Structures are given as structure tokens and as C-alpha cells.
Amino acid sequence: MALIYVTRAIPPVGIDMLREAGHEVDVSEKDGVLTKEELHQAVSAKPYEAVLSLLTDTIDGEFMDAVPTAKIIANYAVGYNNIDVSAATERGVVITNTPGVLDDTVSEFAFSMMLAIAKRISEADRFTRAGKYEGWAPQLLLGSDLQGKTLGIVGAGRIGSGVAKRAKFGLGMNVCYTDIKQSEKLEAEVPCQYHSTLHELLKSADVISIHVPLLESTKHLFSTAEFAAMKDSAYLINTSRGPVVDEVALVEALRNKTIRGAALDVFEDEPALKPGLSELDNVILTPHIASASQETRDKMSSMASQNIIDFINGQTPANVVEVK
Ligand code: DGY
């Protein structure tokens with residue numbers, strides 16, 4: 001029997017698995033993110049052997065020192081930029097994530113954002129609810145077609161590839177992509193063109209969808225120069241991590257019509273929005289829900305718990321992450 005701390009209520013399937021495996025599980029009762037102090041206090045209350053954390057928790061060396069008995073921290077997310085993996089390695093703490101199970105859901109979400117911004121669906125919904133609809137009009141809320149246009153994928157991993165497939169085979173778009181290296185896998189699945197630099201892609205894409213992890217090298221990958229290099233008819237979709245986009249520069253670019261629109265599920269200072277963003281009509285804003293289908297969140301819950309169960313049983317969990 002091991003003592004396990006879960007930093008916020010998650011879909012119960014994973015908690016049930018931990019309890020059925022005979023472990024004692026404490027779940028934070030706070031209806032919200034624990035502050036740093038609350039988090040440290042909670043995990044140091046008992047000799048927890050495992051922690052199931054969320055992407056909203058800062059898991060750094062200080063956190064690990066607050067719970068030195070925990071030798072596994074299982075993140076309930078595929079992204080793990082909230083965790084100092086080097087600090088974990090130094091302390092012999094294993095870190096796991098939840099890759100794979102959310103690829104289709106996030107791909108579907110990015111795909112739907114692309115359609116929604118091009119067809120001005122949120123804007124049209126606001127317009128109609130506001131009682132502004134006075135009858136059919138030939139030039140009312142004109143959007144853009146996507147068939148035959150070019151989608152630029154930034155980051156050709158599993159989710160980027162999922163969006164590329166849906167765009168190519170679902171909408172008849174052309175696809176190009178950039179990544180640190182050419183992806184034979186993507187090219188075998190989807191006819192597409194590789195650009196070795198982001199700026200080459202920016203010039204040719206009508207819609208750009210971001211699928212890179214947040215690293216030092218990807219912070220503000222999109223800023224003033226990148227928006228200036230994009231077509232003024234282009235749309236930007238971000239379902240990766242907020243700080244990949246310089247949100248202040250994006251507000252400027254949207255306001256000045258340097259680009260036509262954006263759809264964002266993630267923000268630089270989540271949950272806060274940069275000034276001016278929510279006042280713009282040419283942007284769709286959603287609260288980091290790209291993976292939020294019941295099926296996927298259940299799978300993330302069971303995957304994070306299985307990683308803990310395997311570790312406690314002396315096995316190597318399936319989803320250990322390494323220092324990048
Ligand atoms: C992740 O898993 O990294 C997503 O951002 C949330 O599901």
C-alpha cells in the first residue's frame with residue numbers, strides 16, 4: 001500500500017484504479033488550483049510516495065524537496081513544461097506524462113478552430129444573439145474558404161500530423177510543415193511540403209497551426225516579425241502552449257489586420273489574457289479545452305494512474321519523460 005497525493009479532482013476512473021490497487025489516495029478538496037504554499041503544505045502533510053500533478057502545478061526542486069518520499073510524479077497532461085525534469089533527475093524522481101491518448105481529440109479541436117475562425121462562427125453567433133440580424137444580406141459576415149488553401153503545420157508530431165490529415169483528406173487543403181527535421185512518417189501519410197525554416201512556411205500558408213512543446217527555443221516563436229511575414233489573409237491557430245506566441249504582438253497584429261484572425265486555446269499568462277485580446281472580433285478564445293472530451297480525460301486519468309501503479313510495483317512506467 002502506498003500513499004498518493006492528487007493535486008486536484010480528476011475524472012474518477014484513475015482514482016478508482018489507484019484505490020482498487022490497494023493504495024491510499026488523498027485528493028485536494030480545493031475547487032481550483034492550489035497556490036504554491038497550499039501545494040507544498042499539502043504534499044508535506046504525509047509521507048506521500050507518489051504525486052499525481054496537473055499542468056497548472058509548478059513542480060520544481062522546491063516542490064520535490066517538500067515531498068522527498070515521492071519518487072514518482074505523474075503529470076495529468078502530455079505537456080510537462082510545468083515540471084523541472086532536470087531537478088527531478090538530480091533527485092532520482094521519475095516523471096511521467098500522458099502521450100498519445102489526446103492526439104485525436106486535440107487534432108479535432110484544432111481542426112474545428114480553423115473552420116470556426118475562417119467561417120466567423122463565434123462572431124456570427126455573438127452578432128445573432130445581440131439581435132443584430134435583420135435579414136439575409138449578400139455581404140454579411142463574409143469569411144474564407146479552406147478547400148485548396150494551404151495549411152502550415154508548425155511541429156510535425158502526433159497532433160500536428162493529425163491536423164494535417166484532417167485538413168488534407170477532410171477539406172482538400174494543401175499541407176506544408178516545418179520542424180527541426182523532415183518527417184518521413186508525416187510525408188508517408190499525407191502529401192505535404194517540408195520547409196526547413198519557419199519563415200518559408202509563413203510566406204506560403206493561409207492557415208498556420210502550432211503544435212510545438214514550450215521550450216526556451218519555442219518561447220515567442222511567433223512575434224512581430226513572424227506576423228509581418230504571414231499573409232494578411234492568414235489565420236493563426238494555437239492549441240499548444242500560450243507562451244509560444246507573443247500575445248502582445250498578436251493583439252497588435254490582429255488590431256492592425258496584419259493577419260486576418262486567430263483562434264487560441266492557450267494563453268501566455270493563463271488564465272489571464274493580455275490587454276485588448278478579448279475586445280477583438282477576429283479572434284476566437286477558448287479556455288484550454290482542446291483535450292477536454294470525456295473519453296480523453298478519462299484516458300488521461302487512467303494513464304497517469306497506471307504510471308504510478310507500475311512504478312510502485314517496481315516496473316518502469318510506460319510514459320517516463322527525459323530531460324530535453
Ligand atoms: C496537455 O495534456 O498538455 C494539454 O495541454 C491538456 O490536456
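Model, not experiment: these values are computed from the prediction.

### Here we look at the packing of aromatic side chains
Applying the stated criterion across every chain, the model contains 3 aromatic pairs. For the ring pair Phe-222 and Phe-227, a centre distance of 6.4 Å and an interplane angle of 35° mean the geometry is tilted.

### Let's talk about the sheet that holds strand S1 (residues 3-6)
In spatial order, the strands read S2-S1-S3-S4-S5; together these 5 strands make up an open sheet with parallel pairing. Each edge of the open sheet carries a strand with a single partner, namely strand S2 (24-27) and strand S5 (94-96). Taking the axes of each pair of neighbouring strands and ignoring which way they run, one obtains an average angle of 15° across the sheet. Here strand S4 (residues 72-75) runs beside S5; their pairing, made up of 3 bridges, is parallel. Bridge assignment links Ala-74 to a residue of S5, and that residue is Thr-96. Helix H1 (residues 12-20) rests against S1 and S2 of the sheet, and its axis sits at about 150° to S2.

### Topic: the domain arrangement of the protein
Parsing the protein into structural domains produces domain 1 (3-101 + 294-312) and domain 2 (103-285). Centre-to-centre, using C-alpha coordinates, domain 1 lies 32 Å away from domain 2. Listed by partner, the interface residues are 8 residues for domain 1 and 5 residues for domain 2. The junction of domain 1 with domain 2 conceals about 540 Å² of combined surface from both sides, 41% of it contributed by carbon and sulfur atoms. Scanning the region where domain 1 abuts domain 2 turns up 3 residue pairs in polar contact (both at pLDDT 80 or more). Of the residues assigned to the side of domain 1 that touches domain 2, the class counts are 4 nonpolar, 4 polar and no charged.

### Some points on the site of the ligand
Taken together, Leu-55, Ala-77, Val-78, Gly-79, Leu-102, Arg-241, His-288, Ser-291 and Met-300 make up all the residues around the ligand. One of the side-chain N or O atoms of His-288 is found 2.7 Å from an oxygen atom in the ligand. Between Ser-291 and the ligand, the recorded distance is 2.6 Å, taken from a side-chain N or O atom to an oxygen atom. A per-class count over the shell around the ligand returns 5 nonpolar, 3 polar and 1 charged.

### Observations regarding the side chain of Thr-150
Position of Thr-150 relative to the elements: it lies in strand S6 (residues 150-154). The class for Thr-150 is buried, based on a relative accessible area of 16%. Ignoring anything within four residues of it in the chain, the contact list for Thr-150 reads Met-173, Asn-174, Cys-176, Ser-204, Ala-205, Asp-206 and Val-207.

### Structural notes on the sheet that holds strand S10 (residues 235-238)
What links the strands of a sheet is backbone hydrogen bonding, and the strands pair in either a parallel or an antiparallel sense. A sheet is described by the order of its strands in space; here 7 strands give the open sequence S8-S7-S6-S9-S10-S11-S12, paired in parallel fashion. Every interior strand has two partners, whereas the edge strands, strand S8 (193-195) and strand S12 (283-285), have only one. Each strand axis lies, on average, 15° off the axis of its neighbour in the sheet, ignoring direction. Where strand S9 (residues 207-210) lies against S10, 4 bridges are found, and the strand directions are parallel. Across the sheet, Ile-210 pairs through a bridge with Asn-238, a residue of S10.

### A short note on the pairing of S2
Pairing analysis gives 4 bridges linking S1 to S2, with the strands arranged parallel. Paired with Tyr-5 across the bridge in S2 is Asp-26. In this fold, S1 hands off to H1, which returns the chain to S2; that crossover is right-handed.

### Quick look at the state of the cysteines
Inspection of the entire model under this criterion finds 0 disulfides. Of all cysteine sulfurs in the structure, the one in Cys-192 sits closest to Cys-176, which takes part in no disulfide; the separation is 8.6 Å. Under the relative-accessibility criterion, Cys-176 is labelled buried at 2%.

### A short note on helix H7 (residues 158-171)
The terminal C-alpha atoms of H7, which comprises 14 residues, lie 19 Å apart, in line with the 20 Å expected from a rise of 1.5 Å per residue. Of the residues making up H7, those classed as buried are Ile-159, Gly-160, Ser-161, Gly-162, Val-163, Ala-164 and Ala-167. The secondary structure elements touched by the buried residues of H7 are helix H5 (103-118), S6, strand S7 (174-178), helix H8 (184-189) and S9. Looking one or two places after H7, you find Gly-172, whose phi comes out positive at around 70°.

Rules and cut-offs
- Note on numbering: residues in each chain are counted from 1, in written sequence order.
- Where local features are concerned, this predicted model is filtered to residues with pLDDT of at least 70; where side-chain atom pairs are given and counted, the filter is 80 or more; whole-chain, interface and lining totals use all residues.
- Note that the side-chain values use all heavy atoms of the structure and ignore hydrogens as well as water.
- Ring pairs are drawn from Phe, Tyr and Trp, using the six-membered ring of Trp, whenever the two centres fall within 6.5 Å, and their geometry is named by plane angle: stacked under 30 degrees, edge-to-face over 60, tilted for the rest.
- Strand pairing is assigned whenever DSSP identifies at least 2 bridges connecting the two strands.
- By the criteria applied, helices consist of DSSP H or I runs no shorter than four residues and strands consist of E runs no shorter than two, each listed in order from the N terminus.
- In this description, a line fitted to the C-alpha atoms serves as the axis of each element, helices being fitted only across the stretch in contact, and the angle between N-to-C directions of two axes falls anywhere from 0 to 180 degrees.
- Note on contacts: a residue pair qualifies if any of its non-hydrogen atoms lie within 4.5 Å across the two residues.
- Segmentation into domains, and thus their bounds, comes from an automatic or database assignment.
- Put simply, buried area is how much 1.4 Å-probe accessible surface two parts lose in total, over both of them, once they are put together.
- We define a polar contact as two N or O atoms separated by no more than 3.5 Å, with the added condition that, inside protein, one atom must be a possible hydrogen donor and the other a possible acceptor, whereas residues neighbouring each other in sequence contribute only through side-chain atom pairs.
- When residues are grouped by polarity, Ala, Val, Leu, Ile, Met, Phe, Trp, Tyr, Cys and Pro land in nonpolar, Asp, Glu, Lys and Arg in charged, and all others, Gly among them, in polar.
- Here a residue is considered near a molecule or strand provided that any single heavy atom belonging to it is located within 4 Å of it.
- Relative accessible area decides the class of each residue, using a 1.4 Å probe on protein chains only: under 20% of the type maximum gives buried, over 50% gives exposed, and in between gives partly exposed.
- Crossovers are described as right-handed under a simple rule: with the strands pointing away from the observer, the path leading from the first strand over the helix to the second runs clockwise.
- We call a pair of cysteine sulfur atoms a disulfide whenever their separation is within 2.5 Å.
- An expected span of 1.5 Å times one less than the residue number is assigned to each helix.

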